[in-house]
Amino acid sequence: LFRARGLAMGEEHVGKGVHVALGPMMNLGRVAEGGRNWEGFGADPYLAGEAAYETILGMQAAGVQACAKHYINKYAYFPSYISLLIDVLRSEQEIQRTMETSDVDDRTEHELYAAPFLRSVMAGVASVMCSYNQVNGTYACENDRTLNQILKSEFGFQGYIMSDWSATHSTQPAVNSGLDMTMPGDIEFGSGTSYFGANLTNAVLDGTVPEARVDDMATRILA
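Residues numbered from 1 in each chain as written. Predicted model: local features only at pLDDT ≥ 70, side-chain atom pairs only at ≥ 80, totals over all residues. Heavy atoms only, no water.

Caption draft 1: The packing of aromatic side chains, seen in detail. Scanning all chains against the criterion turns up two aromatic pairs. Relative to F41, the ring of F2 has its centre 5.6 Å away and its plane inclined at 85°; by these criteria the two rings are edge-to-face. Here F2, found in helix 1 (residues 2-15), pairs with F41, found in the loop between strand 1 (20-21) and helix 2 (45-61); they are 39 residues apart in sequence, far enough to count as distant. Residue class for F41 comes out buried when judged on its relative accessible area of 11%. Taking the centre distance of 5.0 Å and the plane angle of 75° together, the rings of Y71 and F117 count as edge-to-face. Here Y71 is found in strand 2 (residues 65-71), whereas its partner F117 is found in helix 5 (residues 115-122), with 46 residues between them in sequence. (Phe/Tyr/Trp six-rings, centres within 6.5 Å; stacked < 30°, edge-to-face > 60°. Helix = DSSP H or I, 4+ residues; strand = E, 2+ residues; numbered from the N terminus. Buried < 20%, exposed > 50% of the residue type's maximum accessible area, 1.4 Å probe, protein only.)

What follows is the structure in structure tokens.
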């Protein structure tokens, strides 16, 4: 049923001329008030992983690229005791999603939050979207540990990583940490500026971003 649902969604996207479907979402909805829970598969990592796996197979069989999101820990915020009430009210919701840091140890990361994304990679997902939040104090879209080490190296992901909309915060740190595509392109909506574009060209010219890294970005996107 999950695969049939994915195929139906994929066919709808293709019918509308869409090349990349921004889903499935596989963040663990551990708090009922989570703003995007409706888009995912619940709090169990096994269920989320299998549902994502079958959904991706169905979607991509229709001829549209799937995008596993939101990588990672978008809803893994652990509130401190001192500000417990305030933090509980804001955690796992859309408010302040670009300001909080989700502090997660390595075992928890692998066994809970990363598990559905591993299954997505095993399904051959074309793209992964990095999230707004910070992970252990570093933004998810410029986090070498989660993007390069876990997703691309440990999981063997061969597709491309795109940012959530305006979740890119830099040029060299983001690119060298594994971000392949910045979305929707501009730093702020409608600004006409970008961390990529001319800034990326300059970073290559001054040697802070290897030319081979840009080749890798292009290869991942085109492939």
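Caption draft 2: Structural view of the pairing of strand 2. Within strand 2, six of the seven residues are buried, leaving the element largely enclosed by the surrounding structure. Examined bridge by bridge, strand 1 and strand 2 share two bridges and lie parallel to one another. Its bridge partner lying in strand 2, V20 is registered against Q65. (Pairing = 2+ DSSP bridges.)

Caption draft 3: Seen up close, the sheet that holds strand 3 (residues 101-102). With mixed pairing, the three strands of this open sheet are ordered in space as 3-5-6. Since the sheet does not close on itself, it has two edges, and those belong to strand 3 and strand 6 (138-139), each with one partner. Judged from the two bridges that link them, strand 3 and strand 5 (residues 134-135) form a sheet pairing that is parallel. Counted as the bridge partner of T101 is Q134 from strand 5.

Caption draft 4: The arrangement of unusual backbone geometry in detail. In this structure, H70 follows K69 across a cis peptide bond, with omega equal to -5°. Within the fold, H70 resides in strand 2. Looking along the chain, the bond that leaves M183 and enters P184 is cis, with omega of 0°. Mapped onto the elements of the fold, P184 is located in the loop between helix 7 (172-176) and helix 8 (198-205). Despite not being glycine, N136 shows a phi value in the positive range, around 50°.

Caption draft 5: Main features of the environment of V175. Assignment of secondary structure puts V175 in helix 7. Accessibility expressed as a relative area gives 0% for V175, which makes it buried. A sequence separation of 33 residues divides V175 from T208, and the C-alpha atoms of the two residues are 10.0 Å apart.

Caption draft 6: Broad picture of the packing of helix 4 (residues 106-113) against helix 6 (residues 144-154). Running from N to C, helix 4 and helix 6 point in directions that differ by 55°, and their axes come no closer than 13 Å. One way to sum up the angle between helix 4 and helix 6 is to call them oblique. The handedness of the crossing between helix 4 and helix 6 comes out as right-handed. Touching D106, E109 and H110 of helix 4 are R145, T146, I150 and E154, all from helix 6. Class assignment for the residues of the contact of helix 4 with helix 6 results in one nonpolar, two polar and four charged. (Axes fitted to C-alpha atoms, helices over the stretch in contact; angles between N-to-C directions. Parallel < 35°, antiparallel > 145°, perpendicular 65-115°, else oblique. Left-handed = near helix turned anticlockwise from the far one by under 90°. Contact = heavy atoms within 4.5 Å. Nonpolar A, V, L, I, M, F, W, Y, C, P; charged D, E, K, R; others polar.)

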